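Okay, here's what each chain looks like letter by letter:
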Amino acid sequence: MQENRCPCNAVCITAGGVGVRLLSSANDTLLIGEGDQTAPDDTLLYKGFTLRLRSIDHRLICNPAELEQDEYCLDFAWE
């Protein structure tokens, strides 16, 4: 997980982005994310299918450094 979105209660010039590294059952590394140019694309092609990241949520906390990986909830769609 790479989180560089703007924390709450902060004035940011850019909103930032978030990226996620997924490991397939075949040990392929897949990168997907959302946000600005610092994040991977929100869709990727894998074995003839498109995986789309619909949303990334986490519990409300102002400092992203205090979030653990298991506190994120990702919603995907295969298309």
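Data block above holds the structure.
Residues numbered from 1 in each chain as written. Predicted model: local features only at pLDDT ≥ 70, side-chain atom pairs only at ≥ 80, totals over all residues. Heavy atoms only, no water.

**Re the environment of Asp28**
Step number 1: Note that Asp28 resides in the loop between strand S2 (17-23) and strand S3 (29-35).
Step number 2: Separated by 18 residues in sequence, Asp28 and Tyr46 have C-alpha atoms that sit 9.6 Å apart.
Step number 3: Setting aside residues no more than four positions away along its own chain, Asp28 makes contact with Leu22, Leu23, Tyr46 and Lys47.
Step number 4: Separated by 2.6 Å, the side chains of Asp28 and Tyr46 make a polar contact. (Helix = DSSP H or I, 4+ residues; strand = E, 2+ residues; numbered from the N terminus. Contact = heavy atoms within 4.5 Å. Polar contact = N/O pair within 3.5 Å; in protein donor to acceptor, adjacent residues only side chain to side chain.)

**Section: the pairing of S2**
Step number 1: When S2 meets S3, the two strands line up antiparallel, connected through 7 bridges. Bridge assignment links Leu22 to a residue of S3, and that residue is Leu30.
Step number 2: Hairpin connection from S2 to S3: 5 residues lie between these consecutive antiparallel strands, with Asn27 at a positive phi of about 65°. (Pairing = 2+ DSSP bridges.)

**Quick word on the nonpolar core**
Step number 1: Val18, Val20, Leu30, Ile32, Leu44, Tyr46, Leu51, Leu53, Ile56 and Tyr72 together form the largest nonpolar core, which totals 10 residues.
Step number 2: In contact with Leu53, other than residues within four places in its own chain, are Ile32, Gly33, Glu34, Asp42, Leu74, Asp75 and Phe76. (Core = buried A, V, L, I, M, F, W, Y, C linked by side-chain atoms within 4.5 Å. Buried < 20%, exposed > 50% of the residue type's maximum accessible area, 1.4 Å probe, protein only.)

**Regarding unusual backbone geometry**
Negative phi is the rule for most residues except glycine; trans is the rule for most peptide bonds.
Step number 1: With phi around 65°, Asn27 is a residue other than glycine that occupies positive phi space.
Step number 2: Among the structural elements, Asn27 can be located in the loop between S2 and S3.
Step number 3: Under the relative-accessibility criterion, Asn27 is labelled exposed at 59%.
Step number 4: Unlike most non-glycine residues, Lys47 shows phi in positive territory, near 50°.
Step number 5: Relative to the helices and strands, Lys47 is located in the loop between strand S4 (43-46) and strand S5 (49-58).

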